[in-house]
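Residues per chain are reported as follows:
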Amino acid sequence: MSKQADLYRQAGEQFAASLARLARAVERDAEKALDLEQDIHAALWSSLSRFDERSSLKTWVYRVAHNVAADHVNAATKRPKQVPLEDIGELPSPADPETQAGRSIILAQVQTLIRYLPFPDSQVMLLWLEGESTKAIAEVTGLSPGAVGVRIHRIKKLLAAHFTPSNNESEHA
Amino acid sequence: MSQFPIPDWASDSDEAHFSDPATIKSRAAKFERTIKRRNLIEYAAGALCFAGFGALTWKAAQEGEFVIANAYAFCIACVAVVLWQLAARGSYEPQRPEESCLAHLREQYQRQYEALRGVPQWYLGPIALGITAVYTAMMIKFTEVGGLAKALEGTWVPIAGTAAFFAFVWWLNWTAARGLKKRIEQIDALD
């Protein structure tokens, strides 16, 4: 097996689910999300021939995936008006089909919020949702750890204000 | 293993897997075919322009209107310059999506900004020169027939209309370029 194919297999084992979630979060249309996911795979496959181990495989994979997703969003003719994290007061309401598709309201709301956020706020939020550390997020995005920390703090504050136990209970009632 | 701050998030896409490399290669081939088709359409449009101005040049020369024929021939040269620039600027540039997100985004905006900022030089400029040559030739012809006042009377409306159209296109590009410049500055201001 070539080095490129081996790296691709490793990346697939470790990050396939994360990249699928990324595609679904930035693209609401299910078919287009699947298309985006395959575009990410294709870009990753090509890029891995240049993998030089100056960064970890995880950083490489996330950078390629987020950059392809950003290009996809930038090329879209229709997208919601973007609002930076510091200006968001309430979580945007998800579209009906998303909640009807069997996803939890929380998940649908988080995905909708991501679509409203500009870069690099949306990238920070997606990587934070994947459980990545401040340092790892800084490496992927190119922001300083301090700037990432500020954004994570805002995300946590926004989510905490919204997803209180009483809120969740009322949503399920 | 990462800890997911929102457990629901992790429950989505557990079954996901990477596309087979063979599928990816056929996808890349499809993308290349789309690019080739787009280039073909551009060349066909260029050929149509050459044919149109070529026919006008030939007709004017046949009628002994050599000033007008030269103006049309000059238009062909101007269209050739625009097509050459289109081919040079639209050529495939290898992308490096493995750069950090901010570096990648800045590069994309910078490339679009430079393309838009250059529109007056490589697109509007040559086309305007060609059209000016045709209008000048027409003015010379009309002046010979009915005098300068009569020539101005018949041509000022199309000249003003064309100038307004070019100014509008320039303004649109300038506005879009200015918006991109602002985004680049915002990226540079992030720490």
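Above this text you will find the structure in question.
Residues numbered from 1 in each chain as written. Chains lettered and ligands numbered in written order. Predicted model: local features only at pLDDT ≥ 70, side-chain atom pairs only at ≥ 80, totals over all residues. Heavy atoms only, no water.

Any chance you could break down the overall build of chain A for me, citing the residues and the numbers?
Within chain A, the secondary structure is distributed over 9 helices and 0 strands. Secondary structure elements in chain A, listed N-terminal to C-terminal, are α-α-α-α-α-α-α-α-α. Considering only contacts in chain A between residues 6 or more positions apart, those separated by 24 or more positions represent 64%. (Helix = DSSP H or I, 4+ residues; strand = E, 2+ residues; numbered from the N terminus. Contact = heavy atoms within 4.5 Å.)

Please provide a residue-by-residue account of the interface of chain A and chain B, values included.
Counting residues at the interface gives 55 residues for chain A, matched by 35 residues for chain B. Interface of chain A and chain B: buried area, both sides summed, is about 3800 Å²; carbon and sulfur atoms make up 60% of it. It is Arg21(A), Asn67(A) and Leu129(A) that lose the most area in chain A upon contact with chain B, and together they represent 16% of the buried surface on that side. Run the count over chain A and chain B and you get 1 salt bridge. Arg50(A) is the salt-bridge partner of Glu98(B), the closest N and O atoms lying 2.8 Å from each other. Inspection of the region where chain A meets chain B yields 11 residue pairs in polar contact (both at pLDDT 80 or more). Ranked by residues supplied to the side of chain A that touches chain B, first place goes to helix H1 (residues 3–26) of chain A with 11 residues. Taken together, the residues of the side of chain A that touches chain B break down into 27 nonpolar, 14 polar and 14 charged. (Buried area = accessible area lost by both parts, 1.4 Å probe. Salt bridge = Lys/Arg side-chain N within 4 Å of Asp/Glu carboxyl O. Polar contact = N/O pair within 3.5 Å; in protein donor to acceptor, adjacent residues only side chain to side chain. Nonpolar A, V, L, I, M, F, W, Y, C, P; charged D, E, K, R; others polar.)

Describe in detail the environment of Trp84(B), supporting the description with residues and values.
Along the chain, Trp84(B) turns up in helix H3 (residues 66–89). Judged by relative accessible area, which is 57%, Trp84(B) ranks as exposed. (Buried < 20%, exposed > 50% of the residue type's maximum accessible area, 1.4 Å probe, protein only.)

Tell me what's going on with the pattern of salt bridges, and back it up with residues and numbers.
Counted under the stated rule, the structure contains 14 salt bridges over all chains. Note that Arg96(B) is salt-bridged to Glu98(B), the shortest N-O span being 3.5 Å. For Arg106(B), the salt bridge is made with Asp188(B), and the minimal N-O distance between the two is 2.7 Å. Here Asp188(B) lies in helix H6 (residues 148–189) and Arg106(B) lies in helix H4 (residues 101–117), a separation of 82 residues in the sequence. For Arg106(B), a relative accessible area of 30% corresponds to the partly exposed category. Looking at Asp188(B), the relative accessible area reads 44%, which means it is partly exposed. Beyond isolated ion pairs, a larger network of salt bridges with shared partners links Asp6(A), Arg9(A) and Glu13(A).

Give me the state of the cysteines: which residues, what numbers.
Residues and elements named next belong to chain B. Under the criterion given, the structure shown has 0 disulfides over all chains. Not part of a disulfide, Cys49 finds its nearest cysteine sulfur in Cys75, a span of 9.6 Å. The thiol of Cys78 is not disulfide-bonded; the next cysteine sulfur, from Cys75, is found 6.0 Å away. Judged by its relative accessible area of 6%, Cys78 is buried. (Disulfide = S-S within 2.5 Å.)

Could you give an account of the nonpolar core, naming the residues involved and the relevant values?
Leu19(A), Leu44(A), Val110(A), Met125(A) and Trp9(B) are the most contacted members of the largest nonpolar core, which totals 69 residues. With 12 residues, the single largest contributor to this core is H1(A). Look past the residues within four positions of Leu19(A) in its chain and what remains in contact with it is Glu37(A), Ile40(A), Leu44(A), Val61(A), Tyr62(A), Ala65(A) and Phe18(B). In this structure, Ala69(B), Tyr72(B), Cys75(B) and Ala137(B) belong to the second largest nonpolar core, which totals 8 residues. (Core = buried A, V, L, I, M, F, W, Y, C linked by side-chain atoms within 4.5 Å.)

Help me get a handle on the packing of aromatic side chains, residues and values and all.
Enumeration according to the criterion identifies 9 aromatic pairs over all chains in this entry. Aromatic pair Trp170(B) and Trp174(B): ring centres 6.0 Å apart, planes at 15°, arrangement stacked. With Trp170(B) and Trp174(B) both in helix H6, this residue pair falls 4 residues apart, about one helical turn. Since its relative accessible area comes to 39%, Trp174(B) is described here as partly exposed. What links up through ring pairs into an aromatic cluster is the set Tyr8(A), Trp45(A) and Phe18(B). (Phe/Tyr/Trp six-rings, centres within 6.5 Å; stacked < 30°, edge-to-face > 60°.)

So, the side chain of Ser19(B): which residues are in play, and what are the values?
With respect to the element layout, Ser19(B) can be found in the loop between helix H1 (7–11) and helix H2 (21–62). Setting aside anything within four residues of it in sequence, one finds Ser19(B) in contact with Tyr8(A), Gln38(A), His41(A) and Ile24(B).

Give me the lowdown on helix H5 (residues 119–146) of chain B, citing residues and values where you can.
Residues and elements named next belong to chain B. When the terminal C-alpha atoms of H5 are compared, their 38 Å separation across 28 residues agrees well with the 40 Å that a helix rising 1.5 Å per residue should span. Residue Gly125 marks the point of greatest curvature in H5, where the axis turns by about 35°; the proline Pro126 follows within four residues. Turning to H5, its buried residues are Val119, Trp122, Leu124, Pro126, Gly130, Val134, Ala137 and Met139. Phi turns positive one or two residues past the end of H5, at Gly147, with a value near 90°. (Expected span 1.5 Å × (residues − 1). Bend = angle between axes of the 7 residues up to and from the residue.)

Residue-level account of a nonpolar patch on the surface, with values.
Residue and element names in this part refer to chain B. Nonpolar side chains collect at one region of the surface, where Phe168, Trp170, Trp171, Leu172 and Trp174 lie side by side and expose about 540 Å² of accessible area between them. As for its position among the elements, Trp171 is in helix H6. Note on Trp171: relative accessible area 42%, which makes it partly exposed. (Patch = residues over 30% accessible without salt bridge, like charges linked within 9 Å, V, L, I, M, F, W, Y side chains within 5 Å. Areas by Shrake-Rupley, 256 points an atom, 1.4 Å probe, with all protein chains shown as cover.)

Requested: an account of helix H6 (residues 121–129) of chain A, with residues and values cited.
Of all 9 residues in H6(A), 9 are buried; the element is thus mostly enclosed. Following H6(A) by one or two positions, Gly131(A) has its phi on the positive side, about 85°.

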